[in-house]
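Each chain, letter by letter, is given below.
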Amino acid sequence: MTLADHGAGKSYLGFILYDLYFKALGQGRIYGIETRAPLVEASQKLAAELGFERMEFLNMSVAESTRADFMPERFDVVTALHACDTATDDAIAFGLEKQARAMVLVPCCQAEVAVCLRQSKAVSLARTPLAELWRHPIHTREMGSQITNVLRCLYLEACGYQVTVTELVGWEHSMKNELIVARYTGQKKRSAAQRLRQLLAEFGIEALLQSRFSALPELQKSEREAPAV
Ligand SMILES: C[S@@+](CC[C@H](N)C(=O)[O-])C[C@H]1O[C@@H](n2cnc3c(N)ncnc32)[C@H](O)[C@@H]1O
């Protein structure tokens, strides 16, 4: 069992999972990926004190860890708890590259799509009442966040994962409370790929196809044009 925890921070999640599960399992390894060196050093120190030998903490970005040749070729589980901004997308890319059996994601703030929305002004929707959904800056931000998570779920479904979305904890604890659980089934939903492309086109943010959804299965011309069901 290999688990990568992206945007690990102080690695609370990794330590809990190791203590509750990996310790008794007697095998398996947890990798905490974190860009802030002091947090990585503190986690390394704590793991040594606790004798949690099968925990590693790497001072690098999620994207760098995907390319690092010393990392295992496959991971069973990918977690990303409030990994900032697009680090959740990088964690998904990591999970796809490493053929993860499960990804458990709680996205954080997200700015990328809101910026694209502001730039493109979603031309095809601008003259419809739907434009009201992101007219005010705070709504642009929230819509951007909402669209981002919807696109992430469609992407995972299109890549062979069964997805459930629910709340992580009570809203009094965190406003960033969306829990996305993806389990690999191998069944790639073509309707999800179709819907994802259609949403990108409707919102005028097709540029994200290359940067964020590069593993999206290609569709036949007829599928691209037919309504998604
Ligand atoms: C809000 S904290 C969450 C920490 C931890 N997962 C938790 O829930 O306690 C997000 C962490 O992700 C790290 N981070 C942000 N972008 C990252 C990236 N691209 N790669 C790795 N770590 C990143 C930040 O340094 C920060 O420690």
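Let's talk about the layout of surface pockets
Unfilled space is identified by rolling a water-sized probe across the atoms.
Part 1: Here the largest pocket defines a volume of roughly 410 Å³.
Part 2: For the largest pocket, the lining is made up of 21 residues, of which Gly7, Ala8, Gly9, Glu34 and His82 are closest to its centre.
Part 3: If you list the elements that add at least two residues to the lining of the largest pocket, you get α1 (12-25), β2 (29-34), α3 (62-67) and α4 (87-97).
Part 4: Along the lines of polarity and charge, the residues of the lining of the largest pocket split into eleven nonpolar, five polar and five charged.
Part 5: Taken together, Pro107, Cys108, Arg141, Glu142, Ser145, Gln146, Asn149, Trp171, Met175, Lys176, Asn177 and Glu178 form the lining of the second largest pocket.
Part 6: For the lining of the second largest pocket, the element with the highest residue contribution is helix α6 (residues 137-158), accounting for five residues.
Part 7: Looking at the lining of the second largest pocket, its residues break down into four nonpolar, four polar and four charged.

Quick look at the site of the ligand
Part 1: For the ligand, the set of nearby residues contains 15 residues, the closest of which are Gly7, Glu34, Arg36, Val62 and Leu81.
Part 2: Contact distances for the ligand include 3.0 Å between an oxygen atom and a side-chain N or O atom of Arg36.
Part 3: At a separation of 2.8 Å, a nitrogen atom of the ligand approaches a polar backbone atom of Leu81.
Part 4: Taken atom by atom, the bulk of the ligand overlaps the largest pocket.
Part 5: A per-class count over the shell around the ligand returns eight nonpolar, five polar and two charged.

Let's talk about the packing of aromatic side chains
Part 1: Taken as a whole and judged by the stated rule, the model has ten aromatic pairs.
Part 2: On the basis of an interplanar angle of 25° and a centroid distance of 4.5 Å, the ring pair of Tyr18 and Phe52 is categorised as stacked. Of the two residues, Tyr18 sits in helix α1 while Phe52 sits in the loop between α2 (37-50) and β3 (55-59), which places them 34 residues apart along the sequence.
Part 3: A relative accessible area of 8% places Phe52 in the buried class.
Part 4: When the centroid spacing of 5.0 Å and the interplanar angle of 80° are considered together, the rings of Tyr155 and Phe213 count as edge-to-face. One end of the pair, Tyr155, is in helix α6; the other, Phe213, is in the loop between α8 (208-212) and α9 (221-225), with 58 residues separating them in the sequence. Taken individually, Tyr155 and Phe213 each receive the classification buried, so the pair is uniform in this respect.
Part 5: Counting every residue linked through ring pairs, the aromatic cluster contains Phe15, Tyr18, Tyr21, Phe22, Phe52 and Phe57.

Brief notes about empty space enclosed by the protein
Part 1: The final tally for this structure, using the stated rule, is one cavity of 30 Å³ or more.
Part 2: As for the largest cavity, its lining consists of Asp89, Gln110, Glu112, Val113, Thr148, Leu151, Arg152, Leu208, Arg212 and Phe213.
Part 3: Sorting the residues of the lining of the largest cavity by element identifies α5 (112-120), α6 and α8 as the ones contributing at least two each.
Part 4: Here the lining of the largest cavity gets three residues from one element, more than from any other, and that element is α6.
Part 5: Its residues assigned to classes, the lining of the largest cavity comprises four nonpolar, two polar and four charged.

Some details on the sheet that holds strand β1 (residues 2-6)
Part 1: Strand order in this open sheet of seven strands is β3-β2-β1-β4-β5-β7-β6, and the pairing throughout is mixed. Two strands close off the open sheet at either side, each with one partner strand: β3 and β6 (161-167). Put simply, the sheet's adjacent strands are angled 15° from each other on average, direction ignored.
Part 2: With five bridges joining them, β1 and β2 adopt parallel strand pairing. Along β2, the bridge assignment pairs His6 with Ile33.
Part 3: Docked against the sheet, α4 engages β1, β4 (77-81), β5 (102-106) and β6, running at close to 180° with respect to β5.
Part 4: On the sheet, α6 packs against β5, β6 and β7 (178-184) and is oriented at approximately 150° with respect to β6.

Parameters and conventions
- Residues numbered from 1 in each chain as written.
- Predicted model: local features only at pLDDT ≥ 70, side-chain atom pairs only at ≥ 80, totals over all residues.
- Heavy atoms only, no water.
- 1 Å grid on protein atoms, 1.4 Å probe; cavity = no way out; pocket = protein on both sides within 12 Å on 5 of 7 lines; lining within 4 Å.
- Points joined across faces, edges and corners; volume = space filled by probe spheres on them.
- Helix = DSSP H or I, 4+ residues; strand = E, 2+ residues; numbered from the N terminus.
- Nonpolar A, V, L, I, M, F, W, Y, C, P; charged D, E, K, R; others polar.
- Near = heavy atom within 4 Å.
- Polar contact = N/O pair within 3.5 Å; in protein donor to acceptor, adjacent residues only side chain to side chain.
- Sits in = over half its atoms within 2 Å of the grid points.
- Phe/Tyr/Trp six-rings, centres within 6.5 Å; stacked < 30°, edge-to-face > 60°.
- Buried < 20%, exposed > 50% of the residue type's maximum accessible area, 1.4 Å probe, protein only.
- Pairing = 2+ DSSP bridges.
- Axes fitted to C-alpha atoms, helices over the stretch in contact; angles between N-to-C directions.
- Contact = heavy atoms within 4.5 Å.

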